[in-house]
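What follows is the residue order along each chain.
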Amino acid sequence: MKIEIDQGSGFCFGVTRAINKAEEELARGATLYCLGDIVHNGKECDRLKKLGLITIDHATFSTLHHAKVLLRAHGEPPATYGQAETNGIEIIDATCPVVLHLQERIKKEYQEGGTESKQIVIYGKNGHAEVLGLVGQTDGKAIVIESPEEVDKLDFNRDICLYSQTTKPLEGFRKIVEYIGAHISPTATFRYYDTICRQVANRMPHIRDFATRHDVILFVCGKKSSNGKVLYDECRSVNPRSYLVDAASEIDFAWLEDCRSVGICGATSTPKWLMEERRSHPEADATVNTQDGASCPEENQPGRMCDIRPGWFLRATSAHRSEAKYSSSNCLAATKEVCRPDNTMASASARRDTICSFWKKLLRNCSLMVSYIQYLDCSLRRCSKYPFPFTKSI
């Protein structure tokens with residue numbers, strides 16, 4: 001069986017930035033509240049809760065006074081900042097720079113003409129934290145459409161100005177643009193701004209290609225993640241043997257029957273701390289060791305295909321090879337137990353037990369999916385300048 005970890009999966013820059021801000025504040029020892037889940041991943045929220053982060057809703061927020069509150073990457077409407085000023089609340093603003101710039105554009109659009117002569121339309125998910133923040137820039141007057149099928153609610157005899165939630169799929173946005181362009185009245189003006197974050201959008205074609213290269217896909221993300229649901233659906237659209245899991249206990253090993261190749265990928269809510277956990281718990285890593293204890297071959301590098309074959313324990317990847325424990329007494333003992341001197345498995349059941357053990361360890365360290373290089377190489381440069389790559393008027 002061959003396994004590939006998708007190096008394009010993992011936290012986006014905005015989420016990473018928000019979590020880093022939370023950790024910095026918590027390290028100072030002060031009480032810190034977070035308005036809503038900092039990320040749609042239960043494990044990451046639990047980890048930060050243990051560090052002292054207190055997650056609250058807007059009702060609780062309105063009762064706080066002289067406290068310190070972190071605003072997550074999704075952003076907040078102006079009313080939240082007004083409430084904070086009234087109650088003497090110190091805001092730690094971790095709004096994603098991409099979202100913040102989008103808020104400013106929508107606010108400017110609204111201030112320049114309101115919604116009396118034009119419709120400000122946002123392609124996004126109703127009730128999503130980011131969308132609530134965007135609609136708040138228009139005093140609640142923006143129109144939200146969740147899909148191309150809802151475009152009919154617009155008045156095509158009036159001017160339309162279209163924006164998008166930063167994490168929506170490009171395909172849906174382009175369908176909306178095409179439909180409005182074909183139905184807008186000759187006396188009305190249609191302007192649209194492609195405000196979709198490319199770090200997220202570029203994952204769609206990538207993950208489709210990734211899913212087609214493997215017999216089975218294990219998609220690891222929290223059940224609350226909207227982005228995760230979209231990406232998982234993309235996987236399933238090209239590979240029916242795609243499965244969403246949040247923990248190792250959810251794996252059904254029947255999925256792996258007659259499987260020669262497995263791909264593991266995730267969403268923007270894949271926790272960063274799972275990636276770092278392997279440093280402090282190297283014994284939890286699935287490690288490639290030969291029968292005589294020799295270390296794994298150098299070709300088993302991150303993002304490459306690695307073999308599971310009799311007598312070997314897979315070591316999928318490590319960002320710090322010099323710190324890795326290539327040899328482990330536990331792994332060596334297990335190898336001796338299930339392998340014959342001629343490097344064949346003692347029995348089919350023993351081989352199955354060995355592979356099952358490997359999969360549990362691998363999912364426990366699902367941070368192998370995460371490529372932090374992507375954050376720095378792609379998102380940081382984009383967010384610092386934030387070009388709107390597709391802006392046009394009709």
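Note that this is a predicted model, so its numbers are computed, not measured.

**Comments concerning the confidence of the model for the chain**
Phase 1: Across the chain, the average pLDDT comes to 75, with 69% of residues at or above 70.
Phase 2: Low pLDDT, under 50, characterises residues 274-346; the stretch is placed with 136 contacts to residues that sit more than four places away or in other chains.
Phase 3: Throughout residues 363-394 the model reports pLDDT below 50, and contacts reaching past four residues in sequence, or to other chains, amount to 92 contacts.

**A look at the packing of helix 1 (residues 13-27) against helix 2 (residues 42-51)**
Phase 1: Relative to each other, helix 1 and helix 2 sit at 15°, their axes nearing to 10 Å. Between helix 1 and helix 2, the angle is such that the two are roughly parallel. Handedness of the crossing formed by helix 1 with helix 2: left-handed. Contacts from Ile19, Glu23 and Leu26 of helix 1 reach helix 2 at Glu44, Arg47, Leu48 and Leu51.

**Overview of unusual backbone geometry**
Leaving glycine aside, a negative phi is the common case for residues, and trans is the common case for peptide bonds.
Phase 1: Phi is positive for His66, which is not a glycine, with a value near 50°.
Phase 2: Mapped onto the elements, His66 comes out in the loop between helix 3 (58-61) and strand 4 (68-71).
Phase 3: Backbone geometry at Asp139 places phi at a positive 60°, although glycine is not the residue there.
Phase 4: Relative to the elements of secondary structure, Asp139 occurs in the loop between helix 6 (129-136) and strand 7 (143-145).

**Quick look at the layout of surface pockets**
Phase 1: In this structure, the largest pocket occupies an estimated 600 Å³ of space.
Phase 2: Counting residues per element, the ones that place at least two in the lining of the largest pocket are helix 7 (170-183), helix 9 (203-212) and helix 10 (226-238).
Phase 3: Looking at the lining of the largest pocket, the element that brings in the most residues is helix 10, giving 6 residues.
Phase 4: For the lining of the largest pocket, a count of residues per class yields 7 nonpolar, 7 polar and 12 charged.

**With respect to the pairing of strand 6 (residues 118-123)**
Phase 1: The buried count for strand 6 comes to 6 of 6 residues, which makes it a mostly enclosed element.
Phase 2: Across the two faces of strand 6 the burial is the same, with Lys118, Ile120 and Ile122 and Gln119, Val121 and Tyr123 all buried.
Phase 3: Where strand 6 and strand 8 (residues 159-164) come together, 6 bridges link them in parallel fashion. Bridged to Ile122 within strand 8 is Tyr163.
Phase 4: The pairing of strand 6 with strand 7 spans 3 bridges and is parallel. In the strand pairing of strand 7, Val121 is matched with Ile143.

**Some details on the side chain of Ser242**
Phase 1: Structurally, Ser242 is set in strand 11 (residues 242-245).
Phase 2: For Ser242, a relative accessible area of 0% corresponds to the buried category.
Phase 3: Beyond its immediate chain neighbours, meaning those up to four positions away, Ser242 contacts Ile217, Tyr232, Cys235 and Arg236.

Here is what the cut-offs are and how they apply
- Residues numbered from 1 in each chain as written.
- Predicted model: local features only at pLDDT ≥ 70, side-chain atom pairs only at ≥ 80, totals over all residues.
- Heavy atoms only, no water.
- pLDDT = per-residue confidence, 0-100.
- Contact = heavy atoms within 4.5 Å.
- Axes fitted to C-alpha atoms, helices over the stretch in contact; angles between N-to-C directions.
- Helix = DSSP H or I, 4+ residues; strand = E, 2+ residues; numbered from the N terminus.
- Parallel < 35°, antiparallel > 145°, perpendicular 65-115°, else oblique.
- Left-handed = near helix turned anticlockwise from the far one by under 90°.
- 1 Å grid on protein atoms, 1.4 Å probe; cavity = no way out; pocket = protein on both sides within 12 Å on 5 of 7 lines; lining within 4 Å.
- Points joined across faces, edges and corners; volume = space filled by probe spheres on them.
- Nonpolar A, V, L, I, M, F, W, Y, C, P; charged D, E, K, R; others polar.
- Buried < 20%, exposed > 50% of the residue type's maximum accessible area, 1.4 Å probe, protein only.
- Pairing = 2+ DSSP bridges.

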